[in-house]
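Each chain is listed here by its residues.
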Amino acid sequence: MRVLPLDSDAADLAVAGGKGASLARLSRAGLPVPGGFHLTTAAYRDFVARDGLQDEIMKAVAEAAPEEAARRIAGLFAARELPDETAGEIRRAHAALGPDVPVAVRSSATAEDLPEMSFAGQQDTYLNIRGEALPDAVKRCWASLWTARAIAYRAHHRVPQGEVALAVVVQELVDADAAGVLFTADPVSGARDRLVINASWGLGEAVVGGQVTPDTVVVSGGRVVDERVADKTVMTVRTPDGTREEPVPADRRRTPVLDAAQAVRLAALGTEIQRLYGMPMDIEWALRDGRLLILQARPITGLRQPVEEWNDSLGDMCLWTAANLGEAIPDVMTPCTWSLVQIFIREAMSASSIPGFALVGNIGGRFYMNLSVAYTLARAVGAGGRLGAIEQVFGRLPAGLEVPLLPGSRWRIIRAVVPTAVRLRRRVRANTRRLPAFAATARERCERLKARAEGAGSAGELAGLWEAELLPYLVEACQMLEAAGRQGGSSLVMTRERLAKLAGEVAAEAMLTGANAGGELASLGPIVGLGKLAAGEIDRDAFARMYGHRGPHEFEVSTPRPGEDPAWIDAQLAGAHERTDTLLNRQREAREAAWARFAQRYPGKVDRMREQVRRWNAIVRDRETTRSEVVRVFWALRAFVLRAGELTGHGDDLFFLSVQEIVDVLRGHADALDRVPARRATYELYAGLPAYPTLIVGAFDPVRWAADPDRRGDIFDARGGSAPIGDTVSGFPGAPGVVEGVARIIERPEDGDRLKPGEILVTTLTNIGWTPMFPRAAAVVTDMGAPLSHASIVARELGIPAVVGTGNATVRLRDGDRVRVDGERGTVEVLES
């Protein structure tokens with residue numbers, strides 16, 4: 001059959017082409033589609049089968065470039081007449097629409113309007129066609145199957161040229177007052193809850209063809225949420241012999257095409273069409289005498305996966321920092337990791353929280369701590385004069401930065417935190433007594449749990465292991481870290497300040513070293529262990545068991561651990577530097593000399609101060625050891641998620657679920673898996689952005705910030721008025737000493753081989769994954785950090801000058817600059833650029 005009614009059940013893709021099949025579907029569903037009919041692919045095939053036309057077409061495509069082939073084929077179509085029977089059926093179907101009704105003649109290819117490919121605009125449309133001009137318009141539509149663009153596009157997508165055919169849709173031409181395109185999902189962001197309307201005056205060809213900038217109206221939740229009225233200079237209008245472009249009257253250029261009620265009605269039609277097709281749609285529409293009509297609908301191609309918003313900065317006005325724990329968790333987190341980190345924070349840092357306010361946040365997938373909580377708590381308990389202690393942990397705030405405090409009276413906050421503080425005191429006291437026993441057995445216990453997770457035989461067994469043993473052990477390890485950090489109260493800060501006041505900064509830093517002498521300091525473990533391995537004191541298996549869980553991305557459970565890489569140990573040995581022992585011995589000598597001078601000057605205080613420093617070092621070691629064991633638990637948790645992926649068949653999709661959702665999947669409840677595509681897309685979006693500022697005040701949009709050419713990496717303040725980035729580079733004296741050398745800016749620890757011995761390591765932050773580079777470095781300079789950060793602790797133990805928390809070193813210094821680093825004064829000076 002050559003001609004079919006528009007709503008025919010037989011009008012499928014093979015018969016009516018993509019556009020025709022879609023219009024038939026819309027028409028059968030009762031949507032407001034202008035009347036018309038289909039000229040089927042059978043009519044096209046009948047035409048090209050006559051007189052060897054198909055063979056000539058294929059010859060042109062095979063022999064000539066697309067442009068030349070298209071020109072030759074157009075001539076072949078123009079030289080032939082429609083068969084009488086086909087022309088007769090077309091005239092009868094046209095007459096059934098009414099007396100000489102003007103129509104639109106649109107191509108409809110069998111490889112058109114498919115979800116995975118967009119052939120839109122590759123075949124021709126002819127408007128305002130009447131009577132005897134109709135057969136010729138049909139022929140020209142057929143010929144447009146062989147435009148240069150269409151030939152090339154099919155070749156690129158491996159669509160066989162000889163198998164395509166073209167149907168034609170003939171529809172009543174709507175003499176539109178306005179027209180445009182409706183997207184049932186935001187074509188830019190991919191958001192499925194935003195319908196985007198483009199609208200302009202006249203027929204829709206000016207919008208579709210890009211000759212006019214249309215109005216844009218966004219509808220969400222049944223109402224207009226955004227509207228941009230454009231200056232619409234051109235409109236397509238009907239003429240007696242076709243259409244033409246003409247200027248929009250001056251009084252209508254900046255007038256909205258649709259009012260809010262019309263936009264909402266159109267959006268409702270779009271939602272109905274999307275429901276009919278089960279996917280987001282690109283819809284051409286027209287408005288005539290207040291009536292909305294649907295001209296075409298096709299799936300939106302290339303639509304971004306919808307994304308979620310991970311942004312805790314959108315709540316109360318707060319100051320967020322990526323320092324301290326953010327250095328240990330430097331990457332965009334998968335949802336699984338974030339859910340585990342929340343358990344970690346709840347169990348290890350409850351003392352620093354205020355009920356009702358978030359202590360930590362997820363901002364664009366990255367870990368931030370809420371400093372407004374710490375400052376509000378300090379002010380409430382009358383410790384406002386001791387805010388320097390916060391700086392020792394989280395770094396110095398820019399001059400003039402006003403910290404937003406949390407709402408609520410001082411007494412309300414005190415009443416909220418006192419019960420927590422009492423419970424914490426009891427818990428810390430009890431857990432401190434358990435610390436030695438925990439540390440002695442932690443590695444073996446965790447290894448057993450990891451092995452059991454890897455060997456779980458069923459989903460139910462693995463879920464039970466999480467609930468009965470893995471989760472309780474994670475909680476225990478976190479509470480041990482809490483106890484290790486809380487023992488001695490504020491000893492870590494107070495001891496350093498007291499010693500610096502008596503002996504001076506340089507001597508104090510030397511006297512505070514030696515944490516590694518009384519027992520291994522976990523931050524130095526990997527490089528000390530390498531020395532033992534190289535000397536034959538331990539074997540490769542022992543080294544892997546002790547340090548295989550430590551690395552630059554050790555909290556992120558989707559990232560393989562160093563110990564999972566068979567080549568890891570060889571790479572570590574190749575990069576090891578013989579300076580480690582030399583540095584440690586030199587620092588031991590400096591420490592002993594500083595203590596000797598202190599004993600001469602303060603003979604009555606030396607014993608007491610030595611005990612305080614011994615206590616300091618014990619606390620540092622306990623804190624580092626328990627943190628290392630928490631990280632080891634995260635390796636076991638990674639094994640749990642990997643095994644869950646194997647047992648359920650969902651593989652790495654499970655990294656995009658929370659740990660509780662993973663347990664639900666193991667128990668047979670898989671609803672959460674529907675959210676994986678959006679979460680994966682969200683993760684990839686955020687992971688593709690540069691690292692966010694160290695400090696964030698107020699509501700922060702990571703995508704908008706990343707697009708700003710003037711963005712800053714040190715601070716974002718939604719209130720405005722941040723002080724300009726300073727020209728000088730200065731920060732905390734992380735470890736004393738003065739050295740000159742070549743600055744080497746390293747963005748990732750994976751690029752550490754760029755750092756040559758004697759160069760100065762300059763980077764945003766460091767964690768244990770950077771430790772192997774330290775012995776090669778003459779000095780260390782970081783944007784983030786504080787006296788108790790990783791860079792300071794390791795540099796101090798090795799006697800390497802360090803300046804931390806500069807905020808701007810990676811911006812102000814250039815790779816290859818010759819600089820002087822003064823670790824006592826906390827300054828970096830460019831000598832030669």
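Scroll up to find the structure.
Per chain, residues are indexed from 1 in the order of the written sequence. It should be noted that, the model being predicted, local features are given only for residues of pLDDT at least 70 and side-chain atom pairs only at 80 or more, the latter also being counted only at that level, while totals for whole chains, interfaces and linings use all residues. Only hydrogens and water are set aside when side-chain values are computed; all heavy atoms of the structure are taken into account.

*Asks:* I would appreciate a short explanation of the sheet that holds strand S6 (residues 178-183) in the present structure.
*Replies:* Hydrogen bonds along the backbone pair up the strands of a sheet, which may run parallel or antiparallel. Pairing between strands is defined by DSSP: at least two bridges between the two strands are required. Helix numbering and strand numbering both begin at the N terminus, where a helix is a DSSP run of H or I of at least 4 residues and a strand a DSSP run of E of at least 2. Sheet architecture is open: 6 strands sit in the order S9-S8-S7-S6-S12-S13, paired in antiparallel fashion. Edge positions in the open sheet fall to strand S9 (223-228) and strand S13 (291-299), since each of these has one partner strand only. The average undirected angle you get between the axes of adjacent strands in this sheet is 20 degrees. In the sheet, strand S8 (residues 215-220) pairs with S9 via 5 bridges, with the strands oriented antiparallel. Every axis in this analysis is a line fitted to C-alpha atoms, fitted for helices over the stretch in contact. Angles between the N-to-C directions lie between 0 and 180 degrees.

*Asks:* Sorry if this is basic, but what is going on with the nonpolar core here?
*Replies:* Across soluble globular proteins, nonpolar side chains have a tendency to be buried as a group. Counting 98 residues, the largest nonpolar core has Phe 367 and Phe 640 as the members making the most contacts within it. Broken down by element, the residue count for this core peaks at 13 residues, all from helix H16 (residues 459-486). For this analysis, residues touch if any pair of their heavy atoms sits within 4.5 Å. Apart from the residues lying within four places of it in its own chain, the contact partners of Phe 640 are Ala 453, Leu 462, Trp 466, Leu 470, Val 659, Ile 662, Val 663 and Leu 666. Nonpolar cores are built from buried Ala, Val, Leu, Ile, Met, Phe, Trp, Tyr and Cys residues. Side-chain atoms within 4.5 Å join them into one set. Classification of residues uses two cut-offs on accessible area relative to the type maximum, computed with a 1.4 Å probe and protein chains only: under 20% is buried, over 50% is exposed, and between them is partly exposed. Counting residues in each nonpolar core, the second largest holds 43 residues, with Leu 499, Leu 524, Met 773 and Val 780 among its members.

*Asks:* Any chance you could explain the pairing of S13 here in plain terms?
*Replies:* Two faces, one strand: in a regular strand the side chains alternate between the faces of the sheet. For S13, a buried count of 8 out of 9 residues is recorded, marking the element as mostly surrounded by other parts of the structure. Relative to S13, strand S12 (residues 281-288) runs antiparallel, the two sharing 8 bridges. Residue pairing in the sheet places Ile 283 in a bridge with Ala 297 of S13. Counted between consecutive antiparallel strands, the loop separating S12 from S13 contains 2 residues, among which Asp 289 sits at a positive phi close to 50 degrees.

*Asks:* Looking at this model, I keep getting lost on the layout of surface pockets. Mind explaining?
*Replies:* Gaps between atoms show up when a probe of the same size as a water molecule is rolled over them. Note on definitions: the grid is 1 Å and covers protein atoms alone; a cavity is a set of points where a 1.4 Å probe fits but cannot get out; a pocket is an open set with protein on both sides within 12 Å along at least five of seven lines; lining residues have an atom within 4 Å of a point. Grid points are joined across faces, edges and corners, and a volume is the space filled by probe spheres set on the points. Roughly 1,000 Å³ of internal volume is contained in the second largest pocket. Arg 366, Pro 690, Ala 691, Glu 747 and Thr 764 are the residues nearest the centre of the second largest pocket, which is lined by 37 residues in total. Breaking the lining of the second largest pocket down by element, the ones donating at least two residues are strand S16 (366-370) and helix H28 (809-812). Per element, the largest residue contribution to the lining of the second largest pocket is 3 residues, and it comes from S16. Under the scheme applied, nonpolar residues are Ala, Val, Leu, Ile, Met, Phe, Trp, Tyr, Cys and Pro; charged residues are Asp, Glu, Lys and Arg; polar residues are all the others, including Gly. Tallied by class, the residues present in the lining of the second largest pocket amount to 19 nonpolar, 9 polar and 9 charged.

*Asks:* In this structure, what is going on with the packing of helix H22 (residues 579-601) against helix H27 (residues 790-798)? I would like to understand it.
*Replies:* If you want to describe how two helices pack, look at the angle between their axes and the distance between the axes. H27 packs onto H22 with a crossing angle of 80 degrees between their chain directions and a minimal axis gap of 7 Å. Here H22 is positioned roughly perpendicular relative to H27, judged by the angle of their axes. Seen from H22, the contacting residues are Thr 580, Leu 583, Leu 584, Arg 586 and Gln 587; seen from H27, they are Arg 796, Glu 797 and Leu 798. Its residues assigned to classes, the contact of H22 with H27 shows 3 nonpolar, 2 polar and 3 charged. By definition in this entry, angles of less than 35 degrees are roughly parallel, angles greater than 145 are roughly antiparallel, angles of 65 to 115 are roughly perpendicular, and the rest are oblique.

*Asks:* When you look at the sheet that holds strand S14 (residues 319-321) in this model, what are you seeing that I'm missing?
*Replies:* One open sheet holds the 5 strands; their spatial order is S15-S16-S14-S17-S18, and the pairing between them is mixed. Of all the strands in the sheet, the pair left with one neighbour each is strand S15 (360-363) and strand S18 (715-717). Going across the sheet, the axis of each strand differs from the next one's by a mean of 25 degrees, ignoring polarity. Alignment of S14 against strand S17 (residues 695-697), held across 3 bridges, turns out to be antiparallel. Within S17, the residue paired with Thr 321 across the bridge is Leu 695. Where helix H12 (residues 335-348) meets the sheet, it contacts S15 and S16, and its direction lies at approximately 165 degrees from that of S15. Against the sheet, helix H13 (residues 371-380) engages S14 and S16, with an angle of about 15 degrees to S16.

*Asks:* Any chance you could explain the pattern of salt bridges here in plain terms?
*Replies:* Oppositely charged side chains can form a pair if their charged atoms are brought close together. By convention in these notes, a salt bridge is any Lys or Arg side-chain nitrogen within 4 Å of a carboxyl oxygen on Asp or Glu. Counted by the stated rule, this structure contains 54 salt bridges. Across the pair Asp 215 and Lys 232 runs a salt bridge, and its minimum N-O distance is 2.8 Å. Of this pair, Asp 215 sits in strand S8 while Lys 232 sits in the loop between S9 and strand S10 (234-239), and the two are 17 residues apart along the sequence. As far as the burial class goes, Asp 215 and Lys 232 line up, both buried. Overlapping salt bridges, with partners in common, bring together Arg 2, Asp 46, Arg 50, Glu 85 and Glu 89 in one network.

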